[in-house]
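Each chain, written out:
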Amino acid sequence: MPDQQYTRRRGNAETTRALLLDTAADLMRRIGLLHTTTKRIASEAGYSEATLYKHFPGKAELVLAVLRHRFPPFVDDLAALSDRAGRGPVAQNLTGVVVGAVPFFRHGAPVLGSLFAEPELLRRHWEEMESHGAGPLNVNRAVASYLRNERGLGRVPARIDPEAVASLLIGACFQRGFFEAFSGGRQTFPPLEQHAVELVAATGLIPGKS
């Protein structure tokens, strides 16, 4: 009987797909993309490989789905950033960006880094992101757009370069996220909220802070 040994995991299609995505994401973080085979994903999720292929045509499609659906919810928060222009303190809004961006990059660094080991998968991921108007540059663009709007409202200095400030902020977030992922918990970092406040202050955007 097909899948007989996996009947304990049977459920609706949505539950099955979600568990496969969670298992794949966990394996990619723990053992890397190259060693994350469809057979191992299915086995650790409690399914047969045949069941996995009912939901994903292959490893590439599964990895792309993980990248789209298993990152922290920073992307959605970022999309709403432009609506915050003129609302709430600028420093608070930017601190929120940092607090969201660091775990996003910490979570994504190992997975995205693994893509460079498989050029074809990297190409397909790039094309997928492009087709949806997505991609890593959108993080900088969203922050720069927000700062441009705040500058227009006179809530940040007119002299600032929104693109440069966005690059400094997001670059620092990426660096900390990468360092946290690289250290694997063996390195101590300042509390994230404190780091975010200090990083925003260092931009010089807020009067009396530099």
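Residues numbered from 1 in each chain as written. Predicted model: local features only at pLDDT ≥ 70, side-chain atom pairs only at ≥ 80, totals over all residues. Heavy atoms only, no water.

An unreviewed UniProt entry annotates the protein chain as TetR family transcriptional regulator of Nocardiopsis kunsanensis.

Across its full length, the protein chain holds 10 helices and zero strands. Each helix and strand of the protein chain, ordered N terminal to C terminal, gives the series α-α-α-α-α-α-α-α-α-α. Oriented by its inertia axes, the alpha-carbon framework of the protein chain measures out at about 70 × 40 × 30 Å. Across the 210 residues that make up the protein chain, the buried fraction comes to 40%. A fraction of 70% describes how many contacts in the protein chain between residues 6 or more apart in sequence connect residues 24 or more apart. One finds the centroid of the 25 positive side-chain charges in the protein chain at a distance of 3 Å from the centroid of its 21 negative side-chain charges. (Helix = DSSP H or I, 4+ residues; strand = E, 2+ residues; numbered from the N terminus. Buried < 20%, exposed > 50% of the residue type's maximum accessible area, 1.4 Å probe, protein only. Contact = heavy atoms within 4.5 Å. Lys, Arg positive; Asp, Glu negative; His and termini not counted. Charge placed at Lys NZ, Arg CZ, Asp CG, Glu CD.)

Before going further, it helps to examine the nonpolar core. One finds L94, V98, V143, L147 and L205 to be the most contacted residues of the largest nonpolar core, which totals 54 residues. Per element, the largest residue contribution to this core is 10 residues, and it comes from helix α6 (residues 90–115). Sequence-distant contacts of L205, defined by excluding residues within four places in its chain, comprise L94, L147, V156, P157, I160 and V165. (Core = buried A, V, L, I, M, F, W, Y, C linked by side-chain atoms within 4.5 Å.)

In the contact formed by helix α4 (residues 59–69) and helix α7 (residues 119–131), the axes pass within 10 Å of each other and the chain directions differ by 50°. When the axes of α4 and α7 are compared, the pair comes out oblique. As for the relative orientation of α4 and α7, their crossing is right-handed in sense. Every residue of α7 that contacts α4 at A60, E61, V63, L64, L67 and R68 is listed here: L121, R124, H125, E128 and M129. (Axes fitted to C-alpha atoms, helices over the stretch in contact; angles between N-to-C directions. Parallel < 35°, antiparallel > 145°, perpendicular 65-115°, else oblique. Left-handed = near helix turned anticlockwise from the far one by under 90°.)

Now for the pattern of salt bridges. Using the criterion set out here, one finds nine salt bridges in the structure. Two residues, R30 and D26, come together in a salt bridge whose shortest N-O distance is 2.7 Å. One end of the pair, R30, and the other, D26, are both in helix α1 (residues 13–31), four residues apart, so they sit about a helical turn from each other. Judged by its relative accessible area of 47%, R30 falls in the partly exposed class. By relative accessible area, D26 is classed as partly exposed at 29%. Residue E44 is joined to R30 by a salt bridge in which the shortest nitrogen-to-oxygen separation is 3.1 Å. Within this pair, whereas E44 is found in helix α2 (residues 38–45), its partner R30 is found in helix α1, the two being separated by 14 residues in sequence. (Salt bridge = Lys/Arg side-chain N within 4 Å of Asp/Glu carboxyl O.)

Among the residues of α4, A60, L62, V63, L64, A65, V66 and L67 are the ones counted as buried. Buried residues along α4 sit in contact with α1, α2, α3 (49–55), α6 and α7.

Below, the discussion takes up the UniProt feature "DNA-binding region" (unreviewed entry) in the protein chain. Taken from the UniProt record, the annotation "DNA-binding region" (unreviewed entry) applies to residues 37–56. A distance of 13 Å separates the end C-alpha atoms of residues 37–56, which is 75% helix and 0% strand. (UniProt positions renumbered as here; feature names shortened; annotations may be inferred.)

The volume enclosed by the largest pocket comes to roughly 1,000 Å³. Forming the boundary of the largest pocket are 35 residues, of which F71, F104, M129, G135 and P136 lie nearest the centre. For the lining of the largest pocket, the elements supplying multiple residues, two or more each, are α4, α5 (74–79), α6, α7, α8 (137–152) and α9 (162–183). Looking at the lining of the largest pocket, the element that brings in the most residues is α6, giving seven residues. A class-by-class count of the residues in the lining of the largest pocket yields 23 nonpolar, nine polar and three charged. (1 Å grid on protein atoms, 1.4 Å probe; cavity = no way out; pocket = protein on both sides within 12 Å on 5 of 7 lines; lining within 4 Å. Points joined across faces, edges and corners; volume = space filled by probe spheres on them. Nonpolar A, V, L, I, M, F, W, Y, C, P; charged D, E, K, R; others polar.)

The grouping of F174, F178, F179 and F182 at the surface amounts to a nonpolar patch, some 430 Å² of accessible area in total. Inspection of the secondary structure assignment puts F178 in helix α9. Classification of F178 by relative accessible area gives partly exposed; the value is 38%. (Patch = residues over 30% accessible without salt bridge, like charges linked within 9 Å, V, L, I, M, F, W, Y side chains within 5 Å. Areas by Shrake-Rupley, 256 points an atom, 1.4 Å probe, with all protein chains shown as cover.)

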